[in-house]
Amino acid sequence: MTQVVIFDFDGTIANTLDSILKLFNEIASDYNLPIIKDSDKEKIRNFSAKELVKEYRISPWKLLQLTKDILPKLKKNIKDISIVEGMADVFQDLEKLEIKIGIVTSNSKENVELFLANQHISQIDFIHSEKSLFGKGRVLSHLIKEQKLNKERVVYVGDEVRDIEAARKAGIPVIAVTWGFNSEKRLQQSKPDYLVTNPQQILEKVDSRG
């Protein structure tokens, strides 16, 4: 029986993609990187994170610096970022089922807490913030150990190929959601345990594991 559901934040819970792309474009020239146009959005949704940095020739150093530059700016815009429609209901229903809810993110804990407060979300039991852009499997394993969770009773929910890969490395099942960064087609190629197209289906998959 599922006891804990761990959610990714950006793209899975919060509609941050447009804000992050806007902030990226504002500083792209500082790093000699191309602007990402609106017409490019669907194209980049078919790239994994690793494929994307290779496509745009972003070095690890630039990636770290971009993250450091964008997160403080994102904090200023956090009040304008909306929650994925239906996700608040999912949190309420999971709480009623006495299922623990966690968030793991490379975003800052402060940004997540501000967002949750603005959205009047109070059901989250823990938030784990750790910046490891291509080592999310280790992050999940660290979190599971830190929270003393039983892997057999944990489910992870994310919107990217790297979320699927991370859950696989951590040895836990993953529910991939199609409304975030990666497209449904790209997610299917990575073979998640479950693939959902709306938040309510998360509850169905969690319940089916009972």
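All values reported here derive from a predicted model rather than from experimental measurement. (Residues numbered from 1 in each chain as written. Predicted model: local features only at pLDDT ≥ 70, side-chain atom pairs only at ≥ 80, totals over all residues. Heavy atoms only, no water.)

### Concerning the overall build of the protein
What counts is decided by this rule: Each helix is a run of DSSP H or I of at least 4 residues and each strand a run of E of at least 2, with the numbering of both proceeding from the N terminus. In this description the radius of gyration comes from C-alpha coordinates, and the expected globular size is given by 2.2 Å times residues to the power 0.38. Partly exposed describes any residue whose relative accessible area lies between the buried limit of under 20% and the exposed limit of over 50%, with all areas from a 1.4 Å probe on protein chains only and scaled to the type maximum. Contact criterion: two residues are considered in contact whenever any of their non-hydrogen atoms come within 4.5 Å of each other. Only the protein chains shown count as cover for residues, with accessible areas throughout obtained via the Shrake-Rupley method and a probe of 1.4 Å. Within this scheme the basic residues Lys and Arg register as positive and the acidic residues Asp and Glu register as negative, but His and the chain ends are omitted. Just so you know, the charge point we use is NZ for Lys, CZ for Arg, CG for Asp and CD for Glu.
Secondary structure summary: the protein contains ten helices and six strands in total. Compactness check: the protein gives a C-alpha radius of gyration of 16 Å against a globular reference of 17 Å for 210 residues, within 12% of the reference. In terms of overall dimensions, the protein has C-alpha extents of about 50 × 35 × 30 Å along its principal axes. Looking at the 210 residues of the protein, the share that counts as buried comes to 52%. Put simply, 66% of the contacts in the protein that link residues at least 6 apart link residues at least 24 apart. For the protein, the exposed area adds up to about 10800 Å²; of that, 47% sits on carbon and sulfur atoms. Treating the 32 positive side-chain charges of the protein as one cloud and the 31 negative ones as another, the clouds have centres 7 Å apart.

### With respect to unusual backbone geometry
Backbone geometry at Asn-32 places phi at a positive 55°, although glycine is not the residue there. By the secondary structure assignment, Asn-32 is in the loop between α1 (17-27) and α2 (41-44). The class for Asn-32 is exposed, based on a relative accessible area of 69%. The backbone of Glu-98 shows a phi angle near 60°, a positive value even though the residue is not glycine.

### Some remarks on the packing of α1 against helix α4 (residues 60-76)
Short version of the rule: For helices, the fitted axis covers only the stretch in contact; all axes are lines through C-alpha atoms, and the angles between them, taken along N-to-C directions, range from 0 to 180 degrees. What sets the label is the angle itself: under 35 degrees gives roughly parallel, over 145 gives roughly antiparallel, 65 to 115 gives roughly perpendicular, and the rest give oblique. By definition, any crossing whose near helix is turned counterclockwise from its far helix by less than a right angle is left-handed, and any crossing with a clockwise turn is right-handed. Under the grouping applied here, Gly and all other residues not named as nonpolar or charged are polar, the nonpolar ones being Ala, Val, Leu, Ile, Met, Phe, Trp, Tyr, Cys and Pro and the charged ones Asp, Glu, Lys and Arg.
The N-to-C vectors of α1 and α4 enclose an angle of 120°; their axes lie 10 Å apart at closest approach. In terms of orientation, α1 and α4 fall into the oblique class. α1 and α4 meet at a crossing whose hand is right-handed. On the side of α1, the interface is formed by Ser-19, Ile-20, Leu-23, Phe-24 and Ile-27, while α4 contributes Leu-66, Asp-69, Ile-70, Lys-73 and Leu-74. When the residues that make up the contact of α1 with α4 are grouped by side-chain class, the tally is seven nonpolar, one polar and two charged.

### Observations concerning the environment of Ile-81
Examined against the element boundaries, Ile-81 turns out to sit in the loop between α4 and α5 (87-96). For Ile-81, a relative accessible area of 3% gives the class buried. In this structure the C-alpha to C-alpha distance between Ile-81 and Phe-115, which are 34 residues apart in sequence, comes to 7.7 Å.

### So, the side chain of Ser-190
With respect to the secondary-structure elements, Ser-190 resides in the loop between α9 (184-189) and β6 (194-196). The buried category is assigned to Ser-190, whose relative accessible area is 13%. Look past the residues within four positions of Ser-190 in its chain and what remains in contact with it is Val-161, Ile-164 and Arg-168.

### So, the packing of aromatic side chains
Convention followed: Between the rings of Phe, Tyr and Trp (Trp by its six-membered ring), a pair exists once the centres lie within 6.5 Å; its type follows the angle of the planes, with under 30 degrees stacked, over 60 edge-to-face, and the other angles tilted.
Scanning the model with the defined rule gives three aromatic pairs in all. Both rings, one in Phe-7 and one in Phe-91, keep their centres 5.3 Å apart while their planes meet at 90°; by these two values the pair is edge-to-face. You can see Phe-7 sitting in strand β1 (residues 4-8) and its partner Phe-91 sitting in helix α5, a full 84 residues away along the chain. Just as Phe-7 is buried, Phe-91 falls in that class too. When the centroid spacing of 6.4 Å and the interplanar angle of 55° are considered together, the rings of Tyr-31 and Trp-61 count as tilted. Residue Tyr-31 is found in the loop between α1 and α2, and its partner Trp-61 is found in helix α4; the two are separated by 30 residues along the sequence. Overall, the relative accessible area of 54% leaves Trp-61 in the exposed class.

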